[in-house]
Amino acid sequence: MSQNDGHKAIVHRCLLGEGDARAIAVEATELVKLLQDIHNLSFLATAALGRLVMASMMMVADQKVKRARITLKVEGDGPLGEVVADAENRGKVRGYVKNPWVELPLTEEGKWNVSAGVGNNGYLTVIKDLGLKRPLTSKVPLVSGEIAEDIAYYYAKSEQIPTAIALGVLQKPSLGVVSAGGLMVQLLPDADESFVGMLERLLEKYDSISRLAEQVGSSQDILETIFKDLSKKWLGSTSFEFGCRCSRNLVKALLLSMPELESEQDVLEVRCHFCNKVYTFTPEEIEELKGGGRS
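Please read these numbers as outputs of a predicted model, since none were measured by experiment.

S.K.: For this particular structure, what's the right way to read the pattern of salt bridges?
M.R.: Opposite charge on two side chains permits pairing when their charged atoms draw close. Here the structure, examined in full by the defined rule, presents 14 salt bridges. In this structure, Asp-62 engages Arg-13 in a salt bridge whose closest nitrogen and oxygen atoms are separated by 3.4 Å. Here Asp-62, found in the loop between α2 (43–61) and β3 (69–76), pairs with Arg-13, found in strand β1 (residues 9–16); they are 49 residues apart in sequence, far enough to count as distant. The same class applies to Asp-62 as to Arg-13, namely buried. Residues Lys-128 and Glu-159 are paired through a salt bridge, measuring 2.6 Å at the closest nitrogen-oxygen approach. With a gap of 31 residues between them, Lys-128 in strand β6 (residues 122–129) and Glu-159 in helix α4 (residues 148–159) connect regions that are remote in the sequence. By sharing partners, the salt bridges in this structure join Arg-69, Asp-86, Glu-88, Arg-90, Arg-94 and Arg-245 into a single network.

S.K.: Honestly, the nonpolar core in this entry has me stumped. Any pointers?
M.R.: One recurring pattern in soluble globular proteins is that nonpolar side chains are buried together. Counting residues in each nonpolar core, the largest one holds 63 residues, and the members touching the most others are Met-57, Met-59, Ile-151 and Phe-240. No other element matches α2, which puts 14 residues into this core.

S.K.: Hey, could you run me through the pairing of strand β9 (residues 176–187) in this one?
M.R.: The side chains of a regular strand alternate between both faces of the sheet. Counting buried residues in β9 gives 10 out of 12 residues, a clear majority hidden from the surface. Bridge analysis of strand β2 (residues 21–27) against β9 gives 7 bridges, and the strand direction is antiparallel. The partner of Ala-23 across the bridge, within β9, is Val-185. Sheet topology note: the strand β8 (residues 163–172)/β9 ladder contains 10 bridges and is antiparallel. When the sheet's bridge partners are listed, Val-169 is paired in β9 with Ala-180. In this structure, the hairpin formed by β8 and β9 is closed by a connection of 3 residues.

S.K.: Any chance you could explain the pairing of strand β10 (residues 232–242) here in plain terms?
M.R.: By the bridge criterion, 8 bridges tie β1 to β10 in an arrangement that is antiparallel. Considered in β10, the bridge of Arg-13 is made with Gly-236.

S.K.: Just to check I follow, could you spell out the packing of helix α1 (residues 29–39) against α2 for this structure?
M.R.: Between α1 and α2, whose axes approach to 10 Å, the crossing angle comes to 130°. Here α1 is positioned oblique relative to α2, judged by the angle of their axes. Here α1 runs over α2; the crossing is right-handed. Each of Leu-31, Val-32, Leu-35, Gln-36 and His-39 in α1 lies in contact with α2, whose residues at this interface are Thr-46, Leu-49, Gly-50, Val-53 and Met-57. Grouping the amino acids of the contact of α1 with α2 by side-chain chemistry returns 6 nonpolar, 4 polar and no charged.

S.K.: Before we go on, may I ask you to explain the side chain of Thr-29 in this structure?
M.R.: Looking at the secondary structure, you find Thr-29 in helix α1. What Thr-29 contacts, discounting residues up to four positions off in sequence, is Val-177, Val-178, Ser-179 and Ala-180.

S.K.: Is there a simple way to think about α1 in this case?
M.R.: In an α-helix there are 3.6 residues to a turn, and that puts residues three or four apart on one side. When you tally the buried positions in α1, you get 8 out of 11 residues, the bulk of the element. Taken together, the buried positions of α1 are Thr-29, Leu-31, Val-32, Leu-34, Leu-35, Gln-36, Ile-38 and His-39.

S.K.: Looking at this model, I keep getting lost on the packing of helix α6 (residues 209–216) against helix α7 (residues 219–226). Mind explaining?
M.R.: A pair of packed helices is captured by two measures, namely the crossing angle of their axes and the spacing between those axes. The geometry of α6 relative to α7 is characterised by a closest axis approach of 9 Å and an angle of 110° between their N-to-C directions. Taken as axis vectors, α6 and α7 run roughly perpendicular relative to one another. Every residue of α7 that contacts α6 at Ile-209, Leu-212, Ala-213 and Val-216 is listed here: Asp-221, Ile-222, Thr-225 and Ile-226. Considering only residue class, the contact of α6 with α7 consists of 6 nonpolar, 1 polar and 1 charged.

S.K.: For this particular structure, what's the right way to read the environment of Glu-269?
M.R.: Here Glu-269 lies in strand β11 (residues 268–271). Sequence separation of Glu-269 and Leu-16 is 253 residues, and the distance between their C-alpha atoms is 51 Å. With sequence-adjacent residues up to four places away left out, Glu-269 is seen in contact with Val-278, Tyr-279 and Thr-280.

S.K.: Looking at this structure, how should I read the state of the cysteines?
M.R.: Throughout this description, disulfide means a covalent bond between two cysteine sulfur atoms. In total, this model carries 0 disulfides according to the counting rule given. We note that Cys-272 lacks a disulfide partner, and the nearest cysteine sulfur, in Cys-244, lies 3.6 Å from it. On the basis of relative accessibility, which here comes to 12%, the residue Cys-272 falls in the buried class. As a non-bridged cysteine, Cys-275 has Cys-246 as the owner of its nearest cysteine sulfur, 3.5 Å distant.

What counts and what doesn't
Residues numbered from 1 in each chain as written. Predicted model: local features only at pLDDT ≥ 70, side-chain atom pairs only at ≥ 80, totals over all residues. Heavy atoms only, no water. Salt bridge = Lys/Arg side-chain N within 4 Å of Asp/Glu carboxyl O. Helix = DSSP H or I, 4+ residues; strand = E, 2+ residues; numbered from the N terminus. Buried < 20%, exposed > 50% of the residue type's maximum accessible area, 1.4 Å probe, protein only. Core = buried A, V, L, I, M, F, W, Y, C linked by side-chain atoms within 4.5 Å. Pairing = 2+ DSSP bridges. Axes fitted to C-alpha atoms, helices over the stretch in contact; angles between N-to-C directions. Parallel < 35°, antiparallel > 145°, perpendicular 65-115°, else oblique. Left-handed = near helix turned anticlockwise from the far one by under 90°. Contact = heavy atoms within 4.5 Å. Nonpolar A, V, L, I, M, F, W, Y, C, P; charged D, E, K, R; others polar. Disulfide = S-S within 2.5 Å.

Next comes the structure, spelled out in structure tokens:
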């Protein structure tokens, strides 16, 4: 049995009304649990990485290009440091937090203080690999460090798409991750103003997407519950699981690119940020690499 068995996340997509808006939802409880285990994350780091990973899955699931890939990088001035999520629409996702053990006091509302952990001075970088000659990269300032608001700002600033997004990871000290869910709603061109008002009222009724995910248990049910009175055209679903692209050959290529590759007495260890796998190289193997790089 692989570590991914039972740890999948499902993204569902649909059109709302008469094509006035697009809605995407994700339920990722088991996948976020797996990320917490892989990286030994604190509660705060789990909340931050869980949110960013869910955003990356919803964003890439809506891409029509086969083997599209979206990388989200949050670089704020908070103690968590860099937070990265990387998702492919063929169903693979991964991510990491630079400082995974940071914990901070809860907010006054009793929530994990992701904004303080991430910091609200810094940038969100969105990298889209759509099979072109080079990836498309956008960089916008962080507006809150809460991640959902920062993603919405990216869509408004870089893509001029009015977007509402909710991301949540519900955790309890005695149970760990209880639920994780996300919702993204985007207005399409020429959306009717009365429809927009109705949409805003529906979204205001559900102020905790993680609690809704806990109650209904699936991404399709999240959409069915929130938009039960609206007509929906289902656009399909995508199943995601944790997957890392690291390999020994990739690490060898990285080592060869280093200007000063030294063979030492001790074994050289290289750890992958995304999956924590360690690749070891003996002094003899390093000498062989250096020789191969010169030939």
